[in-house]
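Structural characterization, general
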Amino acid sequence: MIAPAMNTPPEELLPYRHLARQHARVTRHLTPAALPRLEALVNAIAGVDVDLSFRRDDDGRHWVTGRATAQLQLACGRCLESFERALDVAFALCLATEAEAGELAGEVDVVTVSGDTVAVADIVEDELILALPGRLCIEEPCGFAPPFAYPAEPEEAPEQQENTTPDSPFGVLASLKQNK
């Protein structure tokens, strides 16, 4: 049986071990201030809605599965125009201490925790950052992108000046030998 969703402040630390034993579900709405690394990468965040389910597996490991959805304002790296995009990220993460994380890292996705609590932002921020699109412009070629011709117009090469300096140290010796 799944417990009803908890309704506590979003910045509160969650006792994940206790929640996993109860197979609890937690829902939150995170503000941009709760996700400073994500906020630094985007122009604006309307907020992030998070739905988490905690459980414990047969090996005694604690898991959180869930979904995070967000409306973001992003700047395209190609044309610098601003676009609105929706992110919908599903994840399944093992909650482990640093010592356990080293052993599990090759097998499963891990969130490292210290102590018996975890913040919701610590669970979802990396997942949202990894889900950011690499390219925002859908049209090819992008109507906003600057032209990629280089150089735009061919320039005439400046007239070659007579090279009076030798190209190498041996050129100096050759010129001295010719002057004798």
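Keep in mind that this is a model prediction, so the values were computed, not measured.

**Observations regarding the overall build of the protein chain**
- Across its full length, the protein chain carries 5 helices and 7 strands.
- Within the protein chain, contacts between residues at least 6 apart in sequence are counted, and of these 54% link residues at least 24 apart.
- For the protein chain, the computed accessible surface area is about 12,300 Å², with 52% contributed by carbon and sulfur atoms.

**Topic: the pattern of salt bridges**
- For the structure on display, the rule yields 7 salt bridges.
- Two residues, Arg-25 and Asp-51, come together in a salt bridge whose shortest N-O distance is 2.8 Å. Of the two residues, Arg-25 is situated in strand β2 (residues 25–30) and Asp-51 in strand β3 (residues 44–56); the sequence distance between them amounts to 26 residues.
- Take Arg-25: its relative accessible area is 33%, and that puts it in the partly exposed class.

**A word on the sheet that holds β3**
- Read across the open sheet, the 5 strands follow the order β2-β3-β4-β5-β6; overall the sheet is mixed. Each edge of the sheet is formed by a strand with only one pairing partner; in this case those strands are β2 and β6 (110–112). Each strand axis lies, on average, 30° off the axis of its neighbour in the sheet, ignoring direction.
- Here 11 bridges tie β3 to strand β4 (residues 62–75), and the two strands are oriented antiparallel to one another. Paired with Asp-49 across the strands is Thr-69, a residue of β4.
- Packing of helix α4 (residues 120–130) onto the sheet brings it into contact with β2, β3, β4, β5 (82–96) and β6, and relative to β5 it is tilted by some 125°.

**Considerations on the nonpolar core**
- Core analysis: the largest hydrophobic core is formed by 37 residues, its most contacted members being Val-48, Leu-52, Phe-54, Ile-123, Val-124 and Leu-128.
- When contributions to this core are tallied by element, the ones reaching two or more residues are α1 (16–21), β2, β3, β4, β5 and α4.
- Apart from residues no more than four positions distant in its own chain, Leu-128 is found in contact with Leu-35, Leu-38, Val-48, Ala-68, Leu-87 and Val-89.

**Details of unusual backbone geometry**
- A positive phi angle, near 50°, is found at His-23, a position not held by glycine.
- Structurally, His-23 is set in the loop between α1 and β2.
- Taking the relative accessible area as the measure of exposure, His-23 reaches 38% and is therefore partly exposed.

**With respect to the environment of Thr-69**
- Inspection of the secondary structure puts Thr-69 in strand β4.
- With a relative accessible area of 28%, Thr-69 lands in the partly exposed category.
- The spatial distance from the C-alpha of Thr-69 to the C-alpha of Leu-87 is 5.4 Å, given a sequence separation of 18 residues.
- Excluding anything up to four places from it in sequence, Thr-69 contacts Gly-47, Val-48, Asp-49, Leu-87 and Asp-88.

Parameters and conventions
- Residue indices follow the written sequence of each chain, beginning from 1 at its first position.
- Side-chain atom pairs in this predicted model are given and counted only at pLDDT of 80 or more, local residue features only at pLDDT of at least 70, and totals for whole chains, interfaces and linings cover all residues.
- Remark: hydrogens and water are excluded; side-chain values derive from all non-hydrogen atoms of the structure.
- Only runs of H or I of at least four residues qualify as helices and only runs of E of at least two qualify as strands under DSSP, and these elements are numbered from the N terminus.
- We call two residues in contact when some of their heavy atoms are within 4.5 Å.
- Under the convention used here, a 1.4 Å probe and the Shrake-Rupley method define accessible areas, while residue burial counts only the protein chains that appear.
- By definition, a salt bridge exists where a carboxyl oxygen of Asp or Glu is found within 4 Å of a side-chain nitrogen of Lys or Arg.
- Categorising residues by exposure relies on relative accessible area from a 1.4 Å probe, with only protein chains included: less than 20% of the type maximum marks a residue as buried, more than 50% marks it as exposed, and the intermediate range marks it as partly exposed.
- At least two bridges found by DSSP between two strands are what make those strands a pair.
- The convention used is that axes are lines fitted to C-alpha atoms, helices contributing only their stretch in contact, and that angles between N-to-C directions extend from 0 to 180 degrees.
- Take the buried residues of types Ala, Val, Leu, Ile, Met, Phe, Trp, Tyr and Cys, join any two whose side-chain atoms come within 4.5 Å, and each joined set is a nonpolar core.

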